[in-house]
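These are the residues of each chain, in order.
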Amino acid sequence: MSNRKIRVLVAKPGLDGHDRGAKVIARALRDAGMEVIYTGLRQTPEMIAAAALQEDVDAVGISILSGAHNTLCPRIVNLLREAGMDDTLVLVGGIVPDEDIASLKEMGVSEVFLPGTSTEDIVTFINEHVRAEG
Amino acid sequence: MPDTKEQQSRDRAEKQRWEEETLKPVIEKRPERKDSFEGVSLEPVERLYSQADIEDIDRDAGIGFPGEFPYKRGIHPTGYRGKLWTMRQFAGFSSPEETNRRFKYLMEQGQTGLSVAYDLPALMGLDADSPLSEGEVGKCGVAVTSLADFEALFDGIDLEGVTVSQTINAPAWIFLAFYLVVAEKQGADFRKISGTLQNDILKEYIAQKEWVYPIRPAMKLVIDTFEYCTQHVPRYNPISVSGYHIREAGATALQELAFTLRDGVEYVQYGIDRGMDVDSFVPRLSFFFNAHNDFFEEIAKYRAARVIWAKTMKDRFGAESERTMKLRFHTQTAGVSLTVQQPLNNIARVAIQALAGVLGGTQSLHTDSYDEALALPTDEAALIALRTQQIIAEETGVANTVDPLGGSYYIESLTQKMIDGCFDYFDKIDGFGGMVEAIEAGFPQREIQESAYQYQKAVERKEQTIVGVNRYVMENEISKTNILKIDESVRDHQLERLQRTKDRRDDGAVANSLERLKAAAKTNENLMPATIEAVKEYATIEEICVALRDVYGVYEEPAF
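Please read these numbers as outputs of a predicted model, since none were measured by experiment.

Pulling in residues and values, what's your account of the overall build of chain B?
Helices and strands together make up the secondary structure of chain B, namely 21 helices and nine strands. The C-alpha atoms of chain B give 24 Å as radius of gyration, which agrees with the globular expectation for 560 residues (24 Å, within 12%). Taking the principal axes of its C-alpha atoms as reference, chain B extends roughly 85 × 60 × 50 Å. Among the 560 residues that make up chain B, the fraction classed as buried is 59%. As displayed, chain B has an accessible area near 22700 Å², and 50% of this comes from carbon and sulfur atoms.

Break down the packing of helix 7 (residues 215-232) of chain B against helix 20 (residues 528-536) of chain B for me, citing the residues and quoting the values.
All names here are of chain B. At a minimum axis distance of 10 Å, the contact between helix 7 and helix 20 shows a crossing angle of 90°. In terms of axis orientation, helix 7 runs roughly perpendicular to helix 20. Between helix 7 and helix 20, the contacting residues are Asp224, Thr225 and Tyr228 on the first element and Met528, Pro529 and Ile532 on the second. Counted by class, the contact of helix 7 with helix 20 contains four nonpolar, one polar and one charged residues.

Account for the interface of chain A and chain B, naming residues and giving values.
In this assembly, 32 residues from chain A lie in contact with 40 residues from chain B. In this assembly, chain A packs against chain B so that about 2700 Å² is buried in total across both faces, 51% of it on carbon and sulfur atoms. The largest share of the area that chain A buries against chain B comes from Leu15, Arg20 and Arg27 of chain A, three residues that together contribute 26% of it. The interface formed by chain A and chain B contains six salt bridges. The interface formed by chain A and chain B holds twelve residue pairs in polar contact (both at pLDDT 80 or more) in total. Of all the elements in the fold, those that place two or more residues in the side of chain A that touches chain B are helix 1 (20-31), helix 3 (69-82), helix 4 (98-106) and helix 5 (119-133) of chain A. Looking at the side of chain A that touches chain B, the element that brings in the most residues is helix 1 of chain A, giving six residues.

Can you tell me about empty space enclosed by the protein, naming the residues and giving the values?
Residue and element names in this part refer to chain B. Counted according to the given criterion, the structure contains two cavities of 30 Å³ or more. In terms of lining residues, the largest cavity is bounded by Asn169, Ala170, Ala172, Trp173, Asn199, Ile201, Val212, Tyr213, Ala218, Leu221 and Val222. When residues of the lining of the largest cavity are traced back to their parent elements, those giving at least two are helix 5 (172-185) and helix 7. Of the residues contributing to the lining of the largest cavity, the split by class is nine nonpolar, two polar and no charged. Put simply, the second largest cavity is a space of about 30 Å³.

Kindly report on the packing of aromatic side chains, identifying the contributing residues and their values.
A full pass over the atoms with the stated rule returns 32 aromatic pairs over all chains. Between phenylalanine 113 of chain A and phenylalanine 125 of chain A, the aromatic rings sit 5.6 Å apart at their centres with planes inclined by 85°, giving edge-to-face as the arrangement. Here the residue phenylalanine 113 of chain A occupies a position in strand 5 (residues 111-113), and phenylalanine 125 of chain A occupies one in helix 5, the gap between them amounting to twelve residues. For the pair formed by phenylalanine 113 of chain A and phenylalanine 125 of chain A, the shared burial category is buried. Each ring, one from tyrosine 213 of chain B and one from tyrosine 552 of chain B, has its centre 5.4 Å from the other, and the planes form 75°; the classification is edge-to-face. Remark: tyrosine 552 of chain B occurs in helix 21 (residues 541-552) and tyrosine 213 of chain B occurs in the loop between helix 6 (202-208) and helix 7; sequence separation between them is 339 residues. A relative accessible area of 2% means that tyrosine 213 of chain B is categorised as buried. Taken together, the ring pairs connect Phe103, Tyr118, Phe150, Phe154, Phe175, Phe178, Tyr179 and Tyr236 of chain B into an aromatic cluster. One Lys or Arg, arginine 42 of chain A, reaches over the ring of tryptophan 211 of chain B and ends 5.5 Å from the middle of that ring. The aromatic ring of phenylalanine 69 of chain B is capped on one face by lysine 314 of chain B, whose charged end is 4.2 Å from the ring centroid.

I'd love a proper account of the pattern of salt bridges, names of residues and values included.
All names here are of chain B. Going through the model one piece at a time under the given rule, you end up with 53 salt bridges over all chains. Between glutamate 440 and arginine 216 there is a salt bridge; the shortest N-O distance is 2.8 Å. Of the two residues, glutamate 440 sits in helix 16 (residues 435-440) while arginine 216 sits in helix 7, which places them 224 residues apart along the sequence. Taking the relative accessible area as the measure of exposure, glutamate 440 reaches 39% and is therefore partly exposed.

Before we move on, could you go through the environment of valine 340 of chain B and cite the residues and values that matter?
On the secondary structure map, valine 340 of chain B appears in the loop between strand 8 (329-333) and helix 13 (345-359). Along the primary structure valine 340 of chain B and aspartate 371 of chain B are separated by 31 residues, whereas in three dimensions their C-alpha atoms are 7.7 Å apart.

Lay out the sheet that holds strand 4 (residues 89-94) of chain A with the relevant residues and their values.
Residue and element names in this part refer to chain A. Strand order in the open sheet formed by five strands is 2-1-3-4-5, with parallel pairing between adjacent strands. Because the sheet does not close on itself, it has two edges, and the strands there are strand 2 (35-38) and strand 5. With direction set aside, neighbouring strand axes in the sheet form an average angle of 20°. The sheet contact formed by strand 1 (residues 7-11) and strand 3 (residues 59-64) spans four bridges and is parallel. Looking at the pairing, alanine 11 lines up with isoleucine 62 of strand 3. Packing against the sheet, helix 3 makes contact with strand 3 and strand 4, and its axis sits at approximately 165° to strand 3.

Which residues make up the packing of helix 13 of chain B against helix 14 (residues 379-394) of chain B, and what values go with them?
Residues and elements named next belong to chain B. One way to put it is that helix 13 packs onto helix 14 with a least axis distance of 10 Å and a crossing angle of 45°. Judged by the inter-axis angle, helix 13 sits oblique to helix 14. By crossing handedness, the relation of helix 13 to helix 14 is classed as right-handed. Together, Ile347, Ala351, Ala354, Leu355 and Val358 of helix 13 and Ile384, Thr388 and Ile392 of helix 14 make up the contact between the two elements. A per-class count over the contact of helix 13 with helix 14 returns seven nonpolar, one polar and no charged.

Criteria and cut-off values
Residues numbered from 1 in each chain as written. Chains lettered and ligands numbered in written order. Predicted model: local features only at pLDDT ≥ 70, side-chain atom pairs only at ≥ 80, totals over all residues. Heavy atoms only, no water. Helix = DSSP H or I, 4+ residues; strand = E, 2+ residues; numbered from the N terminus. Rg over C-alpha atoms; globule rule 2.2 N^0.38 Å. Buried < 20%, exposed > 50% of the residue type's maximum accessible area, 1.4 Å probe, protein only. Areas by Shrake-Rupley, 256 points an atom, 1.4 Å probe, with all protein chains shown as cover. Axes fitted to C-alpha atoms, helices over the stretch in contact; angles between N-to-C directions. Parallel < 35°, antiparallel > 145°, perpendicular 65-115°, else oblique. Contact = heavy atoms within 4.5 Å. Nonpolar A, V, L, I, M, F, W, Y, C, P; charged D, E, K, R; others polar. Buried area = accessible area lost by both parts, 1.4 Å probe. Salt bridge = Lys/Arg side-chain N within 4 Å of Asp/Glu carboxyl O. Polar contact = N/O pair within 3.5 Å; in protein donor to acceptor, adjacent residues only side chain to side chain. 1 Å grid on protein atoms, 1.4 Å probe; cavity = no way out; pocket = protein on both sides within 12 Å on 5 of 7 lines; lining within 4 Å. Points joined across faces, edges and corners; volume = space filled by probe spheres on them. Phe/Tyr/Trp six-rings, centres within 6.5 Å; stacked < 30°, edge-to-face > 60°. Lys NZ or Arg CZ within 6 Å of the ring centre and 35° of its normal. Pairing = 2+ DSSP bridges. Left-handed = near helix turned anticlockwise from the far one by under 90°.

What follows is the structure in structure tokens.
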């Protein structure tokens, strides 16, 4: 079905409990007409990849503010690729220093959104990239 | 007073006259910048506040005097003329040795109290070697797994001579045990040591979300610390009831105020239910509020907090001691207001927020560092933050007189609005049966989520300005701020010490101490003594938490 709704998994990996951003994003994506599945807190990379596969999502949004992004994000990307989800967008939002952004992208993260990003920009990004690839 | 009503209608008539004669012709010629003006909490703000706006205020108590019930103008009659607020910078990163060095540095620079930030594994009751801790050890705070780390953290710091605040919640009672055991080893007298344990588990379920056990056993552990400290460590504050995280999660100023104070009421009720006298333990309960951008609203919030607490302790719980009624609080500037964009602008934000805390009469203050939207602060950034407080204290003159904004039409009117709004929330929460029940029903969580979303929308519509983010944006911004990188080797360093500790300790004694702890949990006795014994045997945080998990279970967040 070509005009099915875009499906997005919003995920909180690691021990960090700051979910304000994740919940605001989840609601904004829903308001923009997407199907959003929120994983809840403290998901391991394995749990996130399994949920992405099971829910057959077009994009995975990882919210992370604890500084553990270099450990957790590449693992999620690899697990998704291993599961054959090569076209799934992987987006990261949170506190990520400049110098880590390039390496995260090299490892397969599609985009990193820093604090202050408007939810509209994220909606636009997902719309453009999912449609382009789908 | 027979002429009060007459005076009131004269005040209103005067305001109307001004609106007609002076305001109207000006507005017709030149409209205001916007149709309506709103602050950070998205509450409408009037054009002008005058005598007419404060007529209904608290006629029995009026604005009152500092040091007198209900303490709107402060709990001390001399304000900051007697003693300045405590400058207490929150710090903690990497290994205990690194943080110990930062503590000593801050104290050399004139800081007057310590405040420890622990890493996420510690906050969650996990050891450094737990698989779940990977990537998180020493990142958001200092890594602590057993008493051995705690000994390194406070090496050369006299716990009888300095007050230490510890930001730890779900496993807080273990950290109280660490603190007491280290103090004892230093030869400190329990009756002389002071400090604060955050230990506010309710706001974890509401906002910060670092929990271990379900709510009710978690409340039991909190009350255990109240009881233990009242008996053995009388100058210690066993809790810092915290609005800070509630606000950071997106609450408005009023929601922060109401949920925090109602959390406080819940702790008092549970303490009384344990059999303690209200005047025996409530004087040692302390509070912790956020200082956000909306300057006057923040000041009004702190003034309102004191009034609500004093009245509630007196009317609801029959408190007789003034110490029970006096609300003491710590303030931290709003981390959530700091921007990654043009980060030096954060220095200005922090200064203004800190000033609000001071004008609101805070007992202690943390000023955020300008680089905290990027990472944990560098030495340089942490120093500027401390200097900001020193400038407010010693250069601006605001500490020279008590409650300098008392009597301002706007401040008084806003303070009253906060008080009324807070009591409305109390009624709603009482309607659930209490705060524990309200949290189980998801009430405060939903209120906060809604406010967070509305605020984000207001920012995106540019109704709320964030300089450098949605206005005055610089495309090619030059921001090569040095940031603190946490060396990944900290985990290995911590694992080595953990291994050494485990090699040296008496495993049989550890196992026995954990069994005694479990047995104590099953019979519902106060767990502090058994925890102190386990800590002395170098049982780790996770071992202690797991032992009790068998009795208490784990918390699963309901989906909202």
